[in-house]
Structures are given as structure tokens and as C-alpha cells.
Amino acid sequence: MIDPHAHSGDQRRPGTVHLVGAGPGDPDLLTLRAARLIAQAQLIVHDGLVDPAILAMAPDHARLVSVAKSRSRHTMPQDAINQLLVDEALAGNDVVRLKGGDPFVFGRGGEEAEACHAAGVPVNVVPGISAAMGAAAAAGIALTHRDAASTVSFVAGQCKGLADQDWVGLAGKGRTLVIYMGLATAGAITEKLMADGLSPAMPVAVVENATRPTMRVLRGVLAGLEQIVETHRVKSPALIIIGEVAARAGAHHLAQIAETAL
Ligand code: SAH
């Protein structure tokens, strides 16, 4: 029998791509909206940073596709990820594109949204708690503080283009600098900041696996940053926080609790 309502794929109404922030790790730090979309998902396309406990919230029948980057050897180029999202949506499927932290903070969510818009696929962005907020809260470091910092900057510290980036004025008195993806370049970052005039004694904190049971908070000063990373064998994901706020009493207190909990 011929179904009069049957139509070919390209005439079907496209599904929606939900660009969803999964937060820094702890499932309790998901937004209610993210939790609802995950619980109702048919298809989840996720990064390696998304905690397994969060993926476990998907229905049993949901398709889970990993497009893990960086630490995994099974990587998918960004173009292929964009194409996957567009193809699935054009086939009529709603997609939950689950990303660590917030989709629009160093998450390439902007590129995915653009690819969807170009293909006529509707996009819904659900913000998440970015690693900087998760790490700051868990380590007791106030990113801004009336007595210590009225400015906070987020920068990406990965190798590509580091030398060309202008960080002058982002760190120093009254300012907090949070560096994502900065482990491999910790030495170069230190040199760059000290060449810009930052004191070698400026406090730093390195927060590894923020909000997860394996979290570590390591503190020191700028001149010793690379050594902290090497001595403690800090692994990704980790954030570097540079500024007076990293050495305040609250930070010491909570960090000690985190360290003794190891
Ligand atoms: N969109 C994400 C960032 C992706 S870039 C967000 O908003 O958080 C990946 C980098 O984020 C890592 O290299 C690390 O610097 C940082 N990061 C992500 N999760 C983290 C965590 N749980 N603890 C510390 N750093 C984390």
C-alpha cells in the first residue's frame, strides 16, 4: 500500500539541535533544562569531557554517539561533527549535542550553531556552568572580590597561536585570569605574563578535575607554575587561575579540605 503521507527525507521537517552545556562534571550541576533534555533524548552526541554519570541519565533506548576530542585517539574533525548534527536533524531527528561546561565558552558551539543555521536546522542553546565557575566554587576561589579583583578574564592557553595573543592587561593587580587548556603551555604562559610585567610572586591555583571526586587544588606562585604542573603530574582537564584571589583565606581553607579528602 502506498502511504499518501510518505515523503522523502528532504521534505521532512528538520529536527532541532539542542546545544546543551553539561557543566564541569558533577551531575548535580546540570541545569534543570539540560537534565530534562537528556532524560528525553533519542540521540545524544557528546564530547569526551561529559561525565559518564550524566550520560547514564539518558533513556535506555537513546543512541549515544561520542565525538571525543583531545585526550582520545578516536577523534572526529569539527567539520564531520557539524555534518553529523546537520544530517541527523535533516533526517527529522532531534539531537542533544552535549558539551562540557558551557557550549559557548571554548566549546566550538558557535561553529556548530552556524553550520545548523546555514542548513536551515533550528538550534536551541542551553547554557551550562563553565569550568571556571565550577572550579572557583569547588576550590573556594572568588573570581571577583571587592578587596582583590574587579575584573575576570577567560583565555584559552592551547599552543596554537599563543604567541600571537595579546594578554597585556588581563592579569595583575585587581584582576583574575582564568586559563582553559593551559597545562601543556604553562611554561610559555608564565614567560609571557612575566614579560608583560606580572610579578613572579603573583598567586596561582591549578584546579584539576573540578567538581569531580578526583578534584585536586594546587597552589603556588606564578614563577613556580610549570613546576606545580610537572611535580604533581597534573592532567587534563585542569584550569589555571592567576591573581590575588587564588591566595585568599577562603581558598586556602577549602583547598586544604579538598587536599585532605584525597
Ligand atoms: N566548554 C567548556 C570548556 C571546554 S575547553 C566549559 O565551558 O567549561 C576544555 C577545557 O576546559 C579543559 O582543557 C580545562 O581547561 C577546562 N575544564 C573543563 N572541565 C574541567 C574540570 N572539571 N576541571 C578543570 N578544568 C576543566
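Note that the structure is a prediction, hence the values are computed from the model and not measured.

Visitor: Help me get a handle on the site of the ligand, residues and values and all.
Guide: Lining the immediate surroundings of the ligand are 18 residues, of which Pro24, Val105, Ser130, Ala131 and Ala238 lie closest. One of the backbone N or O atoms of valine 105 is found 2.7 Å from a nitrogen atom in the ligand. Burial of the ligand by the surrounding chains reaches 93%, relative to a free accessible area of 550 Å². By residue class, the composition of the shell around the ligand is 12 nonpolar, five polar and one charged. Taken together, domain 1 (17-126) and domain 2 (131-256) each give at least three residues to the shell around the ligand, which thus spans both.

Visitor: Would you mind going over the sheet that holds strand E10 (residues 238-242) in detail, with residue names and values included?
Guide: In spatial order, the strands read E6-E7-E10-E8-E9; together these five strands make up an open sheet with mixed pairing. In this open sheet, the two edge strands, each paired with only one partner strand, are strand E6 (149-156) and strand E9 (216-221). Taken pair by pair, the neighbouring strands of this sheet meet at an average axis angle of 20°, ignoring direction. Across six bridges, the pairing between strand E8 (residues 203-208) and E9 is antiparallel. Residue pairing across strands places alanine 205 opposite arginine 219, the latter belonging to E9.

Visitor: Can you explain unusual backbone geometry? Please cite residues and give values.
Guide: Omega for the peptide link from serine 236 to proline 237 comes to 5°, which places this bond in the cis form. Mapped onto the elements, proline 237 comes out in the loop between helix H7 (225-231) and E10. Unusually for a residue other than glycine, methionine 181 sits at a positive phi of about 55°. Structurally, methionine 181 is set in the loop between strand E7 (174-180) and helix H6 (186-195). Taking relative accessible area as the criterion, methionine 181 reaches 42% and is therefore assigned partly exposed. Positive phi outside glycine occurs at threonine 211, with the angle close to 70°. Its location among the elements puts threonine 211 in the loop between E8 and E9. Residue class for threonine 211 comes out buried when judged on its relative accessible area of 15%.

Visitor: Quick one: what's the story with the pairing of strand E1 (residues 17-21), residue by residue and with numbers?
Guide: Among the five residues in E1, five count as buried, and that is most of the element. Residues Val17, Leu19 and Gly21 of E1 are buried on one face, and the alternating residues His18 and Val20, pointing to the opposite face, are buried as well. Bridge count for E1 against strand E4 (residues 95-99) is five bridges, and the pairing is parallel. Paired with glycine 21 across the two strands is lysine 99, which belongs to E4.

Visitor: Any details on the pairing of strand E2 (residues 43-46)? Residues and values, ideally.
Guide: The alternating pattern of E2 places Leu43 and Val45 on one face and Ile44 and His46 on the opposite face, and all of these are buried. Of the strand pairs in this sheet, E2 and strand E3 (residues 63-66) are connected by four bridges, and their pairing is parallel. In the sheet register, leucine 43 faces E3, and the bridge partner there is arginine 63. Relative to E4, E2 is paired through three bridges, and the arrangement is parallel. Looking across to E4, one finds that histidine 46 is bridged to leucine 98.

Visitor: Run through helix H4 (residues 109-118), naming residues and quoting values.
Guide: Within H4 the residues assigned to the buried category are Gly109, Glu112, Ala113, Ala115 and Cys116. For H4, the arc enclosing every buried residue in end-on projection is 160°, short of the 170-degree limit, so these residues lie on one face. H4 presents Glu114, His117 and Ala118 as exposed residues on the side facing more than 90 degrees away from its buried surface. Of the surrounding secondary structure, the elements contacted by the buried residues of H4 are E1, helix H3 (78-90), E4 and strand E5 (123-126).

Visitor: Explain the confidence of the model for the protein chain to me, and be specific about the residues and the numbers.
Guide: The pLDDT averaged across the protein chain works out to 90; a share of 87% of its residues lies at or above 70. Of the regions scoring below 50 in pLDDT, residues 1-7 engages in one contact with residues more than four places distant in sequence or in other chains.

Parameters and conventions
Residues numbered from 1 in each chain as written. Predicted model: local features only at pLDDT ≥ 70, side-chain atom pairs only at ≥ 80, totals over all residues. Heavy atoms only, no water. Near = heavy atom within 4 Å. Polar contact = N/O pair within 3.5 Å; in protein donor to acceptor, adjacent residues only side chain to side chain. Areas by Shrake-Rupley, 256 points an atom, 1.4 Å probe, with all protein chains shown as cover. Nonpolar A, V, L, I, M, F, W, Y, C, P; charged D, E, K, R; others polar. Domains from an automatic or database assignment. Pairing = 2+ DSSP bridges. Helix = DSSP H or I, 4+ residues; strand = E, 2+ residues; numbered from the N terminus. Axes fitted to C-alpha atoms, helices over the stretch in contact; angles between N-to-C directions. Buried < 20%, exposed > 50% of the residue type's maximum accessible area, 1.4 Å probe, protein only. Arc of directions from axis to C-beta. Contact = heavy atoms within 4.5 Å. pLDDT = per-residue confidence, 0-100.

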